[in-house]
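Remarks on the overall topology
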Amino acid sequence: MTRVLALKIAFRVCFTLFILAIIYIISFGSVEEWSVTRNSWLVRSVGYAALISFALSFSITPLNKLTSFFGRKAPQAILLAFRRAFGIGAACFAIIHAGFVIYLQLESNWSVFIHLPFFRAGLISLFLLLVLLITSFPAMLKLFRVKYWRNLHQLVFVIGIMIIQHVWLSAFVPAWVVLAMLISYSILVLLRFIPKVPVKKK
Amino acid sequence: MLIKSESKPLNLSVVSIGLTLICWNLSIMVSKVFVSLWMLILCFLFVWLIVNFWLGPVLSKKPISLKLRLIIWFGILVIIFGSIHNHGNRIIKEEGFEIIKFRAQDRQRLENLPSIAPATIVSGRRQTFYIYSPESNQVSWQFEGGEILPTQHLGMGLHRIDYDPRLDGAANRKVLLHLPDQIVERELHFVFAKAHPRWLVSDPDKGIAFGVSKETDQLIIIDRNGDIRVVSVGDGPSDVVILDDTTVAISYLYESDIWLYDYKNDKLLKEISVGGFQKHIAKHPNRPEVAVAIEGIEPKIAVINTVSHEVTQRINLDESPEWIVYGPKGDSLVFSSRTPRALYRLDRIEEEFQLYQKPLFFGRPVLTISRKPGSPYFYVATTGYNPSGDAPLGNHFVQDQLLKVSIEKWEVLEQMITTRKTQQQKDPIEVGSGGSPMGISMSGSNELLVTFAGTDEVWAIQGAKPPRQLLDRKTIGGLWAPHGIADLGNGYFAVTSPSQGAIGVFDKNRNQISIKYLALDDKSLEKADYLALQIRRGERNFFETTRAGLSCQSCHTDGGESDRSAHDITSTRYKGEIIPYTTLSLKGIARTAPYLRDASFSSVADLMRVANSRYKGYVRKVNNRGQDIQHWVESLPPQLNPYVIKGRNLERERAGLKAYVLAQCDSCHSFPAFTNLGQHIPSRLFPEYAKRRNGEEIFDTPSLIALSSSPPFLQDGRAETIHSIFDEHNADNRHGDTKILSKKQLLDLEFFLESL
């Protein structure tokens, strides 16, 4: 499969999922009569969507390494295309999540971003996701004369930690979810240290 | 593995990490504000720009030897470990990682269904537990090796048991929950109750004094010769007064009756029904009459004839009475209340007591009162005095003092600030003596004997003369954090130490002639029950005054309760006006991290950093002070709900629970602890209030268990009653969807909250 085709497939699949997720979230949210529950649903569900997208994007590289470790060759082009698409999806969901928080809950209370670690972590994650989003397109890399984008994209590790911090400090997430996140993150980071085993051609 | 010694360009990621940390450490040298994750990330982005546009192209073309690479890697490792060592702890605190750890543990306990709240069980005490088992309509409770007890299903998977050790058997730390299809084991924080002798009453002429221990249901009889005797009485004795040569009257928290008790023959003479939650009792100076202050759902004062055993008058009150004393001729009664923080006078008019209109406002609650029958005046101890009644709002304002109050003139005659400087002070503003006056006794010679729980002292004060220190930390003989004091006549006096569970008798030369431990002493306790020793040390530490003159108990008065007063602890102002916080009760807070209204502390022990910095630490050096205080605080069960004594109204509670769920209160005040331990921004719940707070704070969701025992409510105490939480302070309908509730449902909800 060519890289361009893989990118097209990944974009279409992720865009469809993105639209479906937004429709689902808004349609279910609008059923809620009490504004607090409605706003809370909108904010949290979009946040979860961003989290899932990020997790999918973050897990592709280690899974790729794992498959190669067991002597299987993964379809590189499609995996890398999906990694990028999910990453872009995570940034888009994060933007909407932040928009909902600011519009529905903050009431111009901007100083929370300075004083409260929960909001600070969210804001930093969003900022870093935006940096990665901008540098995810070849045209942008050219425009900004970015040569070492791989180094910059190592910020995903920081984003992962900031997201866990953000989720863990939130009011409603059950302890087991956060624990699962922490364990998954640790495993995914460790899997990156698996040495690459060249796949023998048959 | 072989390392090839060929020359290679440096790995740019490694270079970036090293330069980022150097950049970050340099920024920290400029200002400590930059010890933060966001600055670290900014440094990384800055370094990446340098690498991308300048350093990267240069370094990638320049191979360097393995030796040099190893030196650079080693240098970077040193910087990494150095940065973690120097700034790791601060980052952990600043970014809330510490709170994350403790809250996760406590949340996990509550989310592991079926779960139980509160987490503490104290032996020999009535307590209420909530069990949340959403899948079961029937849950039974069994202490390991004990009987199987049914629980009440309130609905929605919430069950309740009002456990009474006298009827239901002894408690222990292991609980088996019998569900329809399985038996689940859960652990509670089990605390063995120890005797706590507190305040004393005495008859100096006869050389005898009495006290009670509500924790162990005991009456304590103290003789001038140093004989100290203990007898078992009813459930939760709260106070005692001497009626005549052989009889005392005992009031109770958890009994509906007062007891007339023959202490010579150890015989219960009469039980007189007045209602539960009796706080203190006073004896008429001349007549066979006592008055009992009764807190609870229907606060009142009951006047009882001790000869005819009749309740001659019940005076219903709006305020909860606490301390009570008779006026000089018995024609007036004075009682103190915590909400509002004031003294009230009742005058006897045609044999009926009526409320004298003008209360004496204090600003802070009355901690204790001297009770000499027939005296035209009395003394009160308090932590601050503001005649307007408003809480003194200086930053961390605590000013331990004694006030002399004239009953007839109905005014404060004298004010005596007790906290004093000592030669041990290390700073010009420090104090080291006269902290936390806890017991006051007026001797026969009108000398005032005062115990100081904060500084382990006993003073004698005669008129306007400078106070005489009768006992200090060296001579008090192990009676740490003394509370009660009684004049035994002929210069003899008795002192109690609740934390040690001990009573000491001293002669006129201040020599301790006897000491009685109602519980094991420290050495024995260390071997038998180390946790109990930690709890004991924690209790003493809790009362101990810091060098700044305040202690934990300055606000959490009455053994960890709330002083129901507003305090300025953050210096937050809105349009020049201080935004205060009201004190929370510490009872029942075990395993509900994080702590304080703004969730700023991950553990109780963590609060020691405030004591050691802002409050300048303690004169006495001890190890593990914070941990011990935490052990003590965690040993406190929540206040028993008055409905346990009065009788539950299950039908109404179930209706209230339905309204509670309908208004979605349970989304934050989740079962069974009635908190999900979550934090919220004010604008999400109270937009108007949020504007005043400038977005600088966060709300910790408080538990609603024993809610009715700690008014006023909401963060700054702006709701005086449960009703006003919804009626006046939920205009935006965000603090629960109460607008969908009918009037009846709202009343049921309020009743349910009151009954928790």
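Parameters at a glance
- Residues numbered from 1 in each chain as written.
- Chains lettered and ligands numbered in written order.
- Predicted model: local features only at pLDDT ≥ 70, side-chain atom pairs only at ≥ 80, totals over all residues.
- Heavy atoms only, no water.
- Helix = DSSP H or I, 4+ residues; strand = E, 2+ residues; numbered from the N terminus.
- Rg over C-alpha atoms; globule rule 2.2 N^0.38 Å.
- Buried < 20%, exposed > 50% of the residue type's maximum accessible area, 1.4 Å probe, protein only.
- Areas by Shrake-Rupley, 256 points an atom, 1.4 Å probe, with all protein chains shown as cover.
- Contact = heavy atoms within 4.5 Å.
- pLDDT = per-residue confidence, 0-100.
- Salt bridge = Lys/Arg side-chain N within 4 Å of Asp/Glu carboxyl O.
- Axes fitted to C-alpha atoms, helices over the stretch in contact; angles between N-to-C directions.
- Left-handed = near helix turned anticlockwise from the far one by under 90°.
- Nonpolar A, V, L, I, M, F, W, Y, C, P; charged D, E, K, R; others polar.
- Buried area = accessible area lost by both parts, 1.4 Å probe.
- Patch = residues over 30% accessible without salt bridge, like charges linked within 9 Å, V, L, I, M, F, W, Y side chains within 5 Å.
- Pairing = 2+ DSSP bridges.
- Domains from an automatic or database assignment.
- Phe/Tyr/Trp six-rings, centres within 6.5 Å; stacked < 30°, edge-to-face > 60°.

Remarks on the overall build of chain B
Of regular secondary structure, chain B possesses 16 helices and 45 strands. The C-alpha radius of gyration computed for chain B amounts to 30 Å, which stays within 12% of the reference 27 Å derived for 756 residues, consistent with globular compactness. Taking the principal axes of its C-alpha atoms as reference, chain B extends roughly 105 × 65 × 55 Å. In chain B, which comprises 756 residues, the share counted as buried stands at 61%. Accessible area for chain B stands at about 31100 Å²; split by element, carbon and sulfur atoms hold 52% of it.

With respect to the overall build of chain A
Across its full length, chain A holds 9 helices and 0 strands. Taking 202 residues into account, the globule formula puts the C-alpha radius of gyration at 17 Å, and chain A, at 18 Å, falls close to it. The dimensions of chain A, computed from C-alpha atoms along their principal axes, are 60 × 35 × 30 Å. Taking contacts inside chain A between residues at least 6 apart in sequence as the whole, the part at least 24 apart equals 70%. Accessible area of chain A: about 11300 Å², with a carbon and sulfur share of 74%.

Here's the deal with the confidence of the model for chain B
All names here are of chain B. Averaged over chain B, the pLDDT score is 91; the fraction of residues at 70 or greater is 99%. Summarising per-element confidence for chain B, the mean pLDDT is lowest in strand β41 (residues 573-574) (74) and highest in strand β16 (residues 247-252) (97). Across the assembled chains, the prediction reports ipTM 0.88 with pTM 0.91.

Details of the pattern of salt bridges
Residues and elements named next belong to chain B. In this structure the tally under the stated criterion is 41 salt bridges over all chains. The partner of Asp-456 in a salt bridge is Arg-540, with the nearest N and O atoms 2.9 Å apart. Within this pair, whereas Asp-456 is found in the loop between β33 (448-452) and β34 (457-461), its partner Arg-540 is found in helix α7 (residues 530-543), the two being separated by 84 residues in sequence. For Asp-456, a relative accessible area of 2% corresponds to the buried category. Since its relative accessible area comes to 10%, Arg-540 is described here as buried. Taken together, the shared-partner salt bridges connect Asp-456, Arg-473, Arg-540, Glu-544, Arg-620 and Arg-625 into one network.

Considerations on the packing of helix α2 (residues 35-69) of chain A against helix α8 (residues 155-168) of chain A
When two helices pack together, their arrangement is captured by the angle between the axes and the distance separating the axes. Residues and elements named next belong to chain A. The geometry of α2 relative to α8 is characterised by a closest axis approach of 12 Å and an angle of 145 degrees between their N-to-C directions. When you trace α2 past α8, the crossing you get is left-handed. In contact with Leu-51, Phe-54 and Phe-58 of α2, α8 contributes Val-156, Phe-157, Ile-159, Gly-160 and Ile-163. Of the residues belonging to the contact of α2 with α8, the class tally is 7 nonpolar, 1 polar and no charged.

Thoughts on unusual backbone geometry
Residues and elements named next belong to chain B. A cis amide bond, omega -5 degrees, links Leu-113 with the succeeding residue Pro-114. Structurally, Pro-114 can be placed in the loop between α4 (97-111) and β1 (115-117). Omega for the bond connecting Ala-117 with Pro-118 falls within 30 degrees of zero, at -5 degrees, which places this linkage in the cis form. Its identity as a non-glycine residue notwithstanding, Gln-664 has a phi of 60 degrees, on the positive side.

Quick word on the interface of chain B and chain A
Each partner contributes residues to the interface: chain B has 47 residues there, and chain A has 39 residues. Here chain B and chain A share an interface that buries about 3800 Å² over both sides, 61% of which is from carbon and sulfur atoms. Three residues, B:Ile41, B:Trp48 and B:Arg684, lead the burial of chain B against chain A; their summed loss comes to 15% of the area buried on that side. Across the pair A:Arg120 and B:Glu95 runs a salt bridge whose closest N-O atoms are separated by 3.5 Å. When residues of the side of chain B that touches chain A are traced back to their parent elements, those giving at least two are α1 (12-30), α2 (37-60), α4, β44 (679-680), α13 (682-685) and α14 (687-693) of chain B. Among the elements that take part in the side of chain B that touches chain A, α2(B) stands out by supplying 12 residues, more than any other. Taken together, the residues that form the side of chain B that touches chain A break down as 19 nonpolar, 18 polar and 10 charged.

Brief notes about a nonpolar patch on the surface
A cluster of nonpolar side chains, contributed by A:Leu5, A:Ile9, A:Val13, A:Leu17 and A:Leu20, occupies part of the molecular surface with about 400 Å² of accessible area. Within the secondary structure layout, A:Leu20 lies in helix α1 (residues 3-31).

Quick word on the pairing of strand β12 (residues 208-213) of chain B
All names here are of chain B. For β12, a buried count of 6 out of 6 residues is recorded, marking the element as mostly surrounded by other parts of the structure. By the alternation rule, side chains of β12 split into Ile-208, Phe-210 and Val-212 and Ala-209, Gly-211 and Ser-213, which are all buried. In the sheet, strand β11 (residues 200-203) pairs with β12 via 4 bridges, with the strands oriented antiparallel. Across the sheet, the residue bridging to Leu-200 is Gly-211, located in β12. As consecutive antiparallel partners, β11 and β12 are separated by 4 residues, and within that stretch Gly-207 has a phi angle of approximately 65 degrees, a positive value. Alignment of β12 against strand β13 (residues 218-223), held across 6 bridges, turns out to be antiparallel. Residue pairing in the sheet places Ala-209 in a bridge with Ile-222 of β13. Hairpin connection from β12 to β13: 4 residues lie between these consecutive antiparallel strands, with Asp-217 at a positive phi of about 55 degrees.

Describing the sheet that holds strand β21 (residues 300-305) of chain B
Strand pairing in a sheet relies on backbone hydrogen bonds. The paired strands run either parallel or antiparallel. Residues and elements named next belong to chain B. Read from one edge to the other, the open sheet built from 4 strands follows the order β19-β20-β21-β22, with strand pairing classed as antiparallel. Taken across any chain shown, the strands that pair with only one partner, and hence form the sheet edges, are β19 (278-283) and β22 (310-316). The mean inter-strand angle of the sheet, taken between neighbouring strand axes irrespective of direction, is 20 degrees. In terms of strand pairing, β21 meets β22 through 6 bridges, oriented antiparallel. Counterpart to Val-303 in the pairing with β22 is Gln-313.

Points about the sheet that holds strand β15 (residues 237-242) of chain B
Residue and element names in this part refer to chain B. In space, the 4 strands of this open sheet follow the order β15-β16-β17-β18, with antiparallel pairing throughout. A strand with exactly one partner marks an edge of an open sheet, and here the two such strands are β15 and β18 (267-273). Along the sheet, successive strands turn relative to each other by an average axial angle of 25 degrees, direction set aside.

Structural notes on the domain arrangement of chain B
When the domains of chain B are assigned, the result is domain 1 (12-95), domain 2 (106-191) and domain 3 (649-755). Distance between the C-alpha centres of domain 1 of chain B and domain 2 of chain B: 53 Å.

Concerning the packing of aromatic side chains
All names here are of chain A. Applying the stated rule across the entire model yields 40 aromatic pairs over all chains. Their ring planes at 10 degrees and their centres at 5.5 Å tell us that Phe-58 and Tyr-185 sit as a pair that is stacked. On the criterion of sequence distance, the pair formed by Phe-58 in helix α2 and Tyr-185 in helix α9 (residues 175-191) is long-range, its members being 127 residues apart. Overall, Phe-58 belongs to the buried group, its relative accessible area being 5%.

Quick word on the pairing of β15(B)
Residue and element names in this part refer to chain B. With 6 of 6 residues buried, β15 lies mostly within the body of the structure. Relative to β16, β15 runs antiparallel, the two sharing 5 bridges. Directly across from Asp-239, in β16, lies its bridge partner Ser-251. Between β15 and β16, which pair antiparallel one after the other, the connecting turn spans 4 residues.

A short note on the environment of B:Glu319
All names here are of chain B. Positionally, Glu-319 belongs in the loop between β22 and β23 (321-326). Each C-alpha atom, one on Glu-319 and one on Leu-37, is 51 Å from the other, the two residues being 282 residues apart in sequence. Excluding residues within four positions of it along the chain, Glu-319 makes contact with Pro-299, Phe-335, Ser-337, Thr-339, Pro-340 and Tyr-344.

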